[in-house]
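Residue-level structural notes
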Amino acid sequence: MRTAFFGGTFDPPHNGHLELARHILKSGRTDRILFVPAYDPPHKLEKKISPFADRVAMLEMLLKDEPAMLISDIESRAKLTPSYSYKIMKLLEKEFPGDTLQVLIGGDSLEALHTWYKARPLAAEYEIICYPRKGYGFDQKKMREHWNDKEIDILSRSLLQMPFFDVSSTAVR
């Protein structure tokens, strides 16, 4: 079973998240999507976010009729502060033994992936699935500043061709 880790603050989760997940499942690149709300998102340390339990409850309402979409509270159980995707993926390996774990990110995150904690091992050990984000594409020249040719080839194959979902949690709030 291929399980795609979809991490985020999800404050709040919205129909854009749902439609994105549906399109990715329809693409055949994964079998299920695991929504993993961030317990202590490292990129939002200075921002006020809704309590973790509230964000999980909102995800439960959004995904209630979606059997191929699961929610994990692993970040709250792990209590990693801050929480990094690579560390969570290592924990998920234990919870989903035998699954092929994938990492689902947006084009904006792909462009900044080199700045992530343990970015190279993350990209080497897990298949990256990248969905388009408005204003972000795969710029090989930029990628060459941080990645070698083999890594660029792997990351370029991560890109999905699908519509943009131009909605954000910030706009919903």
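Definitions and cut-offs
- Residues numbered from 1 in each chain as written.
- Predicted model: local features only at pLDDT ≥ 70, side-chain atom pairs only at ≥ 80, totals over all residues.
- Heavy atoms only, no water.
- Helix = DSSP H or I, 4+ residues; strand = E, 2+ residues; numbered from the N terminus.
- Areas by Shrake-Rupley, 256 points an atom, 1.4 Å probe, with all protein chains shown as cover.
- Pairing = 2+ DSSP bridges.
- Axes fitted to C-alpha atoms, helices over the stretch in contact; angles between N-to-C directions.
- Buried < 20%, exposed > 50% of the residue type's maximum accessible area, 1.4 Å probe, protein only.
- Arc of directions from axis to C-beta.
- Contact = heavy atoms within 4.5 Å.
- pLDDT = per-residue confidence, 0-100.
- Phe/Tyr/Trp six-rings, centres within 6.5 Å; stacked < 30°, edge-to-face > 60°.
- Expected span 1.5 Å × (residues − 1).
- Lys, Arg positive; Asp, Glu negative; His and termini not counted.
- Salt bridge = Lys/Arg side-chain N within 4 Å of Asp/Glu carboxyl O.
- Polar contact = N/O pair within 3.5 Å; in protein donor to acceptor, adjacent residues only side chain to side chain.
- Core = buried A, V, L, I, M, F, W, Y, C linked by side-chain atoms within 4.5 Å.

**Re the overall build of the protein chain**
The helix and strand tally for the protein chain stands at nine helices and five strands. In the protein chain, the succession of helices and strands from N to C terminus is β-α-β-α-β-α-α-β-α-α-β-α-α-α. A total of about 9,300 Å² of accessible surface is found on the protein chain, and carbon and sulfur atoms cover 51% of it.

**Notes on the sheet that holds strand β5 (residues 127-131)**
Spatially, the five strands line up as an open sheet ordered β3-β2-β1-β4-β5, and their pairing is parallel. Among the strands making up the open sheet, the edge pair consists of β3 (69-71) and β5. Averaged over all pairs of adjacent strands, the angle between their axes in this sheet comes to 30 degrees, without regard to strand direction. Across five bridges, strand β4 (residues 100-106) lies against β5 in parallel orientation. What sits directly across from Leu104, in β5, is Ile129.

**Details of helix α4 (residues 85-95)**
Among the residues of α4, those classed as buried are Tyr86, Ile88, Met89 and Leu92. Burial along α4 is one-sided: seen end-on, the buried residues are contained in an arc of 155 degrees. Those residues of α4 that are buried are in contact with β1 (2-8), β2 (32-37), α3 (74-78), β4 and α6 (119-125).

**Concerning unusual backbone geometry**
In this model, Asp11 is joined to Pro12 through a cis peptide bond whose omega is 0 degrees. Relative to the elements of secondary structure, Pro12 occurs in the loop between β1 and α1 (15-27). A positive phi angle is found at Lys118, which is not glycine, with a value near 50 degrees.

**Here's the deal with the confidence of the model for the protein chain**
Reading predicted coordinates in detail is not appropriate for stretches of low pLDDT. When the pLDDT values of the protein chain are averaged, the result is 89; 90% of them are 70 or greater. Across the protein chain, β3 holds the top mean pLDDT of 98, while helix α9 (residues 169-172) sits lowest at 50.

**What to know about the packing of aromatic side chains**
For the coordinates displayed, the defined rule picks out six aromatic pairs. Here the aromatic rings of Tyr39 and Phe52 are separated by 5.5 Å at their centres, their planes lie at 65 degrees, and the arrangement is edge-to-face. Of this pair, Tyr39 sits in the loop between β2 and α2 (52-63) while Phe52 is found in helix α2, placing the two residues 13 residues apart along the sequence. Residue Phe52 is classed as buried on the basis of its relative accessible area of 13%. Chaining the aromatic ring pairs together yields one cluster made of Phe6, Phe10, Phe35 and Tyr131.

**Brief notes about α2**
A rise of 1.5 Å per residue sets the reference length of α2, with its 12 residues, at 16 Å; its end C-alpha atoms lie 16 Å apart and thus fit the reference within 8%. Taken residue by residue, α2 has Phe52, Arg55, Val56, Leu59, Leu62 and Leu63 as its buried positions. Angularly, the buried residues of α2 cover 120 degrees about the axis, an arc narrow enough to put them on a single face. In α2, the exposed residues that point more than 90 degrees away from the buried face are Ala53 and Met61. Where α2 is buried, its residues touch α1, β2, β3 and α3.

**Some details on the side chain of Glu75**
Among the secondary structure elements, Glu75 is positioned in helix α3. Despite its burial, Glu75 pairs with no opposite charge; the closest candidate is Arg55, at 7.4 Å N-O. In this structure the side chain of Glu75 is engaged in a polar contact, spanning 2.8 Å, whose partner is the side chain of Ser83.

**Thoughts on the nonpolar core**
By size, the foremost hydrophobic cluster in this structure holds 24 residues, and its most contacted members are Met89, Leu92, Val103, Trp147 and Leu155. Broken down by element, the residue count for this core peaks at four residues, all from α4.

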